[in-house]
Amino acid sequence: MRDIEIYVEGKRLDLFDNGTIEIKSSIQDAKDISKVFTDYSQPFTIPASDNNNQIFRHHYKTEITDNVFDGRVRHEAKIFINHLLFKRGKVFLNGTSMKNSKASSYNITFFGNTVSLKDTFKDDKIESLSDYKKGIDGTAAEYNLNRLEFDWSNDSIRTRMLGGQSFNNDTSALIVPLITAEKRLFYNDSLDETNSINFDGNLHRPNDISANLTQYRTRGVNEEDLKPAIKVYHLIKAIEEKYNINFIPSDADEVNYTDTKDFFSRDNQAFTNLYLWMSNNSGNITGNLADDNYLYVNEVASWTSGGNQDFNNYYAEGGEIVLVNWNEIERDFGHTGGFVDSSLFPTPARFYLKVIPDSSYEEIKWRAKIIDTKTSQVVSSIEGTGSVEANISMPLNPTDPSITYIDRYKVEFASQEPMVGTDVQIIKENASGLTGFSDVREILSSGDDFDTDITKFKPANHFPDIEIMEFMSGLFKMFNLTAYYVDDEADPLYNDVTPVVKIVTLDSYYADSVNNQSKGIIDITKHIDVSNNSIDTSLPFSEINFEFEETDTILMDNHKEVNGYVYGNSTMSLRDTYRNIDLFYGEKYDIEIPFSKLKYERINGLDTDIVWGYAAGGDFDSKEGDYEEGNTIPPKANYKPKDIKPLLFYGIKETNISTPINFSNVQNTESIQVTSYWRPSNTNETVVPDADGVFQDSAAYSINFDSEVDEWSLTESFNSLFEVFYKSYIKSVFDANKRVFKFKAYLPPSFLINYKLNDQLKVQDVVYRINSITTNLNTGLSRLELINLNVEEIVE
C-alpha cells in the first residue's frame, strides 16, 4: 500500500481513496527536441472536503473578496510517497465541480519546478534588468544594469571601442563593437580628398596627416555610427539577482572558477565573450530614434512649490514626488503640517504633467516618463513637442486605517536634441474645492532652468525588444541546453532560499549520470512487465531546420543570392543523410531562434585587420560631396538601415592592428588613429595561421548552425552549433539501429524517489536512455519510453 501525500503551500490536501494520480517526467523528448520539459500530471480530482475548502479558500464563492485563493497562478506544492519526498513543483487549480449548488471536488494539475521559470519571468522585458532595486532599503542591486550608464561622447565611445567599460570586476562588460547601422565602411589608402568615391566611410588614416587634416577628420567612423554591446554573462547575473535564482553555482568562487559544467559560467569558452548588441531601432544611435532611444536624458533633481498650498500628502523630497495615503494619522515627514484631515482631501485626485520649453526649443521632440522609484516601473509616459499639459497616472496605494502608505515617483525627461531652460511641472488637481485653499491645483515645478544638454547612454533605453523568457529560450535552443531545479535536499547545491537551477548542455547532462546515486545505470529488469511491451521505429522527423530570424542586410542577402541558402541556418535531412535508402518521411521540425544573424566582412580580405558588421540593406543611396571653399563634406554612399531582431555575437579584441582605423568626431574637428578595436565575430576566438601562413584549425566554437567561412580567417569553421551541441543527440535519434521501446513496469518507491532523468536504465542486457516515464502514484504502474543506446554511447 502506498501512502500518497500532496501539500500545497505547506498544507496537506485530502485525496480520494480510489483516485488516480499520474505524473509524467521528461527533460528532453526525441519528438520535440527544442523544448525543455518538466514533470507534470494529468488533471486529477480531489474532494471538496472542509480541509480542502480551507486550503483553496472556497474558490468557487465569488462573493468572497478577502483572502482569496488566486486561481490565476500556480502554487508551491510537494508530493510525498510513503512520507518520502517525490517531487517539488507547483499546483494549478483548474476548477471546481458543483452538485446541488455545493462544491463536490476540485480539479488540479501538478507541474514540476522548471515550469516556474515562466511564472517567475512573466512578460518582463530585458530592459527591466536596468534600475531595479534589491531589498526593502531601495538600494541599487549589484547587477542593476543601470550602473552601466555613462555620459555619451566621442571620448566615451572611443574608450569602449578600444577597451571596454568595467562592471563588477569585468573590464569588458560593455564594449563598442565595429558594427554600423547606416555608414558603409571600407578601406582605401589611395583616394584623394575630392575623389568621387571618397565616401565618408573610408577608414584609412596614415600616421602623418598634418598636410591634409581635412581629408581625414571628415570621414572614417565616429561616435554616432556605433552602438554599445553588453556581455550576456552580466544579463544572466542580473536575471539571477532580480529574480533570486542561481543559474551558475560554479561561479560562487570569484577567483577560482574552473567548473564549466554550468553553461553560463565565466570559464565556458562557448559563452564567456558572447555579447548582445544594444540596438532597438534602425539607423544611428542618434538618428532614427525609437520611442525610448533618446540620448539627451536628465532626471529632475529638485522640485519647488508652484502654488501657495501646504502640501501635506503631496510634496517633494529632493527629486522625488511623495504621495501619502489620506488617513487621519499623525505624520511627521520633515515638511510643514503634521495632521492630515481626510475630509480636506476628497478623492479622487487627478495628476497632470506640464512641459514648458524655452521658445528656442519648441520644435524639438521630447519624452517624459513618470517612474515609480520603489519598483523602477514606468507608470506614465508622454511624448510631444512644445508646451503640453497631459493627464498622467501616479497610483496611490489603497487606504488602510492602520498603515501609512507612501508612494514615491521621479521624472525622467529626454529630448531628441539638446534642450535648455525647460520647466517641467507635476500638478495635482482635486476633484472638488478645498476649504481654506485658494486653488485646487497644487503644482510642483522644476523651474525654467532644467536642461537636457548632456547626453547619457541609459541601458534601459537601448535594449532590443525581447522578453527575458524569450531571450533565455533562444539561448537554450542555440546551444541545446537543458535545465532542472536542484530540489534534492541531500545535494550540496540545494538552497531553499535562492533556488539553484542547473543549466547545462544536453550532452553534459547525460554524461553526468555517473555522478548520480545510481552511478549512471539502474537495472530494472525485475520490475518490467514482460507480458506486454512494444517497439517503435525512431524516425520522428524527415528533417530538422535550424533557423535564425530573417535578416535582410546587404551581406546576408548577398550570401543567399550567391549560395542559395541563408547564412548561419542549417537543415539536417534524412534524405541527404541516407541517400541510398527509400525511407518513409515524416514531418519537418523547425527550431526557430529569436535572434538575428549578421555575416561580417573582413575588409579587403586578408590585406587588413578590420572585420566589421553592417545592419543595413536594400537600396544603395549615393550623395555627392561638397568641396566649395570652406566646406569639407565628402560624398556619402550607404544602404538603408535595418531594424533587425536582437543580435548576439562573439566580441574579440584586436590590438596593434597593422591597418589603423580612422576615428573622427561628428563635429569634423578631430581625427585619431585607432589600432585596437572590438571585432564582431560568429566564432569565439582569433584563429592564427601556421608558419606558412595557412589556417589549419577552426575556432573552438561558432554560433552558426552549419559550417561557414570564418570571416576572420576566411577558411571554413567546422565547430558549428549543430556539430558541437546537437549532433550526438540527433544522430543518435536518427540512427538506423535506434528504436523507441515502450515498457510497463511496477516501479518501487525507492526507485521513483531516487532516479534521475539522465540515469540509464538496463533491461536484461540492453541499456536505454529515458525519453519519458509516466507513473500512477497510487498503483506504481509506470509506462516507460526508452531509447536504446549503442555501446559507445553508454556512460559508465
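Colleague: Quick one: what's the story with a nonpolar patch on the surface, residue by residue and with numbers?
Modeller: A surface patch of nonpolar side chains, about 250 Å² in accessible area, is lined by Leu606, Val709 and Leu714. Mapped onto the secondary structure, Val709 falls in strand S45 (residues 708-709). Taking relative accessible area as the criterion, Val709 reaches 43% and is therefore assigned partly exposed.

Colleague: Describe in detail the pairing of strand S1 (residues 4-8), supporting the description with residues and values.
Modeller: Most of S1 is tucked away, with four of its five residues classed as buried. Here S1 runs beside strand S6 (residues 75-81); their pairing, made up of five bridges, is antiparallel. The partner of Val8 across the bridge, within S6, is Ala77. Relative to strand S2 (residues 11-12), S1 runs antiparallel, the two being bridged by two bridges. Residue pairing in the sheet places Tyr7 in a bridge with Arg12 of S2. Linkage of S1 to S2, two consecutive antiparallel strands, is achieved through a turn of two residues, within which Glu9 is found at a positive phi near 50°.

Colleague: Tell me what's going on with helix H3 (residues 154-162), and back it up with residues and numbers.
Modeller: Within the sequence span of H3, burial applies to Asn154, Ser156, Ile157, Arg158, Arg160 and Met161. Against strand S11 (150-151), strand S12 (165-167), strand S13 (170-175), strand S42 (661-664), strand S43 (671-674) and strand S44 (677-681) lie the buried residues of H3. Downstream of H3 by a residue or two, Gly164 has a phi angle that is positive, lying close to 145°.

Colleague: Describe in detail the nonpolar core, supporting the description with residues and values.
Modeller: Phe247, Phe264, Phe471, Met472, Leu475, Phe479 and Ile661 are the most contacted members of the largest nonpolar core, which has 153 residues in total. A per-element tally of this core places helix H10 (residues 721-734) first, with eight residues. Each residue touching Ile661, except ones within four places of it in the same chain, is listed here: Met161, Leu178, Leu203, Val221, Ile610, Ile672, Gln673, Val674 and Tyr677. Ile392, Met394, Val411 and Phe413 belong to the second-largest nonpolar core, a separate cluster that totals 24 residues.

Colleague: An account of the side chain of Ser380 is requested, with residue identities and associated values reported.
Modeller: Position of Ser380 relative to the elements: it lies in strand S23 (residues 378-385). From its side chain, Ser380 meets the backbone nitrogen of Ser393 in a polar contact 2.7 Å long. Apart from residues no more than four positions distant in its own chain, Ser380 is found in contact with Ala368, Lys369, Ile370, Ile392 and Ser393.

Colleague: Break down the environment of Val322 for me, with residues and values.
Modeller: Tracing the backbone through its elements, the reader meets Val322 in strand S20 (residues 320-324). Here Val322 falls in the buried class, since its relative accessible area comes to 0%. Taking the C-alpha atoms as reference, Val322 lies 5.8 Å from Asp407; in sequence the two are 85 residues apart. Apart from residues no more than four positions distant in its own chain, Val322 is found in contact with Asn313, Tyr314, Tyr315, Glu317, Ile406, Asp407 and Arg408.

Colleague: Mind laying out the confidence of the model for the chain, listing which residues take part and the relevant values?
Modeller: Parts of the prediction with low pLDDT should not have their coordinates interpreted in detail. Averaged over all residues, the pLDDT of the chain is 84; the fraction at 70 or higher stands at 86%. Averaged over each element, pLDDT in the chain is lowest for strand S10 (residues 139-140) (61) and highest for strand S16 (residues 274-277) (98). The low-confidence segment residues 433-438, where pLDDT is below 50, has 10 contacts with residues more than four positions distant or belonging to other chains.

Colleague: Provide a residue-level description of the sheet that holds strand S14 (residues 179-180), including the pertinent values.
Modeller: Read from one edge of the open sheet, three strands run S14-S38-S37, paired in mixed fashion. The open sheet is flanked by S14 and strand S37 (601-602), the only strands paired with a single partner. In the sheet, S14 pairs with strand S38 (residues 611-614) via two bridges, with the strands oriented parallel. Looking across to S38, one finds that Thr180 is bridged to Tyr614.

Rules used in this analysis
- Residues numbered from 1 in each chain as written.
- Predicted model: local features only at pLDDT ≥ 70, side-chain atom pairs only at ≥ 80, totals over all residues.
- Heavy atoms only, no water.
- Patch = residues over 30% accessible without salt bridge, like charges linked within 9 Å, V, L, I, M, F, W, Y side chains within 5 Å.
- Areas by Shrake-Rupley, 256 points an atom, 1.4 Å probe, with all protein chains shown as cover.
- Salt bridge = Lys/Arg side-chain N within 4 Å of Asp/Glu carboxyl O.
- Helix = DSSP H or I, 4+ residues; strand = E, 2+ residues; numbered from the N terminus.
- Buried < 20%, exposed > 50% of the residue type's maximum accessible area, 1.4 Å probe, protein only.
- Pairing = 2+ DSSP bridges.
- Contact = heavy atoms within 4.5 Å.
- Core = buried A, V, L, I, M, F, W, Y, C linked by side-chain atoms within 4.5 Å.
- Polar contact = N/O pair within 3.5 Å; in protein donor to acceptor, adjacent residues only side chain to side chain.
- pLDDT = per-residue confidence, 0-100.

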